[in-house]
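# Observations on the three-dimensional arrangement
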Amino acid sequence: DKRPTQSKSPTGRRSGFGPPFRFRDEEGKILPPEILAEPLATKFPFTTLLICCSMNLIYIYEWGKYRLIDSFELERRIYNFFKFYGCIVSATCVKGISNTLALIKGVNPGDVERDPNAVSFMNGVLNLKTNQLSYHTERVFITSNLGFGYDPGANPSIEWFKYLDHLCSGDELKKHFIRCWLKLLIHNNIETQTFLYMVGRGGTGKSIFGKLSMALV
């Protein structure tokens, strides 16, 4: 039989299904965490990892938005990544990799690019200023996704404008405030620390507005 044989990887799996980088040294021992973390920072699913060290926040880019995760989930992802390639690492090693990733991927909150006009839909990112739809990208820090596709051919709902006028009794300043608040809601932005306390008699649209707000998030 002259068929070529596949060599084994350091993890014991065939080379065709081996790890994306070396996990072990020449003696078969697991490499130190600081060495494992360096290439891991550039390999999926850790390429889009973003860590704000000063605020102890960890984000990972998934499905068109950055999602906040805790340190336990990050460590579980690291463990499962190595386990997938047949390499079992200790809890101490996982924590060491996680700490080193924070040094490599750590950023200051002010260094993150934020676009107040960007809204993430299932089929792309809409720029509210230019009305242009572009591909999802991890280069823009977005923490929310509306969960449905943007339809450029859809006409603005007349019913929505009629409802908004009814809710605000025709007050343009109130309507502007409501639109601004909904924009903050869509962007998952809590920096202004603003919430609504709606007071009024029955039938004025308060419950409808509550259902609308819940539908957006």
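See above for the structure.
Attention in this report is confined to the structure presented alongside it. (Residues numbered from 1 in each chain as written. Predicted model: local features only at pLDDT ≥ 70, side-chain atom pairs only at ≥ 80, totals over all residues. Heavy atoms only, no water.)

## With respect to the overall build of the protein chain
- Along its length, the protein chain carries six helices and seven strands.
- Mapped in sequence order, the helices and strands of the protein chain form the string α-β-β-β-α-α-β-β-β-β-α-α-α.
- Taking the contacts inside the protein chain whose residues are at least 6 apart along the sequence as the reference set, 54% of them involve residues at least 24 apart.
- For the protein chain, the computed accessible surface area is about 14,500 Å², with 57% contributed by carbon and sulfur atoms. (Helix = DSSP H or I, 4+ residues; strand = E, 2+ residues; numbered from the N terminus. Contact = heavy atoms within 4.5 Å. Areas by Shrake-Rupley, 256 points an atom, 1.4 Å probe, with all protein chains shown as cover.)

## Description of unusual backbone geometry
- The backbone of Trp-63 sits at a positive phi, close to 55 degrees, despite the residue not being glycine.
- Mapped onto the fold, Trp-63 is located in the loop between strand 2 (57-62) and strand 3 (65-69).
- The class for Trp-63 is exposed, based on a relative accessible area of 76%.
- For Ser-169, which is not a glycine, the phi torsion comes out positive at approximately 55 degrees.
- By secondary structure assignment, the location of Ser-169 is in the loop between helix 4 (158-167) and helix 5 (172-186). (Buried < 20%, exposed > 50% of the residue type's maximum accessible area, 1.4 Å probe, protein only.)

## Observations concerning the side chain of Lys-175
- Its place among the elements puts Lys-175 in helix 5.
- Looking at Lys-175, its side chain comes within polar contact range of the side chain of Asp-165, at 3.1 Å. (Polar contact = N/O pair within 3.5 Å; in protein donor to acceptor, adjacent residues only side chain to side chain.)

## Thoughts on the pattern of salt bridges
- Evaluated as defined, the whole model comprises ten salt bridges.
- As a salt-bridge pair, Arg-67 and Glu-62 come within 3.2 Å of each other at their nearest N and O atoms.
- On the accessibility criterion, Glu-62 (22% relative accessible area) is partly exposed.
- Taking the shortest distance from any N to any O, the salt bridge between Arg-67 and Glu-73 comes out at 2.6 Å.
- Here Arg-67 falls in the partly exposed class, since its relative accessible area comes to 30%.
- Connected via shared salt-bridge partners are Glu-62, Arg-67, Glu-73 and Arg-77. (Salt bridge = Lys/Arg side-chain N within 4 Å of Asp/Glu carboxyl O.)

## Looking at helix 6 (residues 206-216)
- Those residues of helix 6 that fall on the buried side of the exposure criterion are Phe-209, Ser-213 and Leu-216. Buried positions in helix 6, seen along its axis, are confined to an arc of 60 degrees and lie on one side of it. Exposed side chains of helix 6 directed beyond 90 degrees from the buried face belong to Ser-207, Ile-208, Lys-211, Met-214 and Ala-215.
- Structurally, helix 6 contributes buried residues whose contacts are with helix 4 and helix 5. (Arc of directions from axis to C-beta.)

## Comments concerning the pairing of strand 6 (residues 124-127)
- Two elements, strand 5 (residues 118-121) and strand 6, share four bridges in a ladder whose sense is antiparallel. By the bridge assignment, Ala-118 is partnered in strand 6 with Asn-127.
- Between the end of strand 5 and the start of strand 6, which pair antiparallel, lie two residues.
- Bridge count for strand 6 against strand 7 (residues 132-134) is three bridges, and the pairing is antiparallel. When the sheet's bridge partners are listed, Asn-127 is paired in strand 7 with Gln-132.
- Here strand 6 folds back onto strand 7, and the loop between the two strands holds four residues, one of which, Asn-131, carries a positive phi near 60 degrees. (Pairing = 2+ DSSP bridges.)

## Structural notes on the sheet that holds strand 6
- Across the sheet, which stays open at both edges, the three strands sit in the order 5-6-7 with antiparallel pairing between neighbours. At either end of the open sheet lies a strand with only one pairing partner, and these are strand 5 and strand 7. The sheet shows a mean angle of 30 degrees between the axes of neighbouring strands, taken without regard to direction. (Axes fitted to C-alpha atoms, helices over the stretch in contact; angles between N-to-C directions.)

## As for the packing of helix 5 against helix 6
- Relative to each other, helix 5 and helix 6 sit at 30 degrees, their axes nearing to 9 Å. Here helix 5 runs over helix 6; the crossing is right-handed. Residues Ile-178, Trp-181, Leu-182, Leu-185 and Ile-186 of helix 5 form the contact with helix 6, whose own contacting residues are Phe-209, Leu-212, Ser-213 and Leu-216.
- Across the contact of helix 5 with helix 6, the residue classes tally to eight nonpolar, one polar and no charged. (Left-handed = near helix turned anticlockwise from the far one by under 90°. Nonpolar A, V, L, I, M, F, W, Y, C, P; charged D, E, K, R; others polar.)

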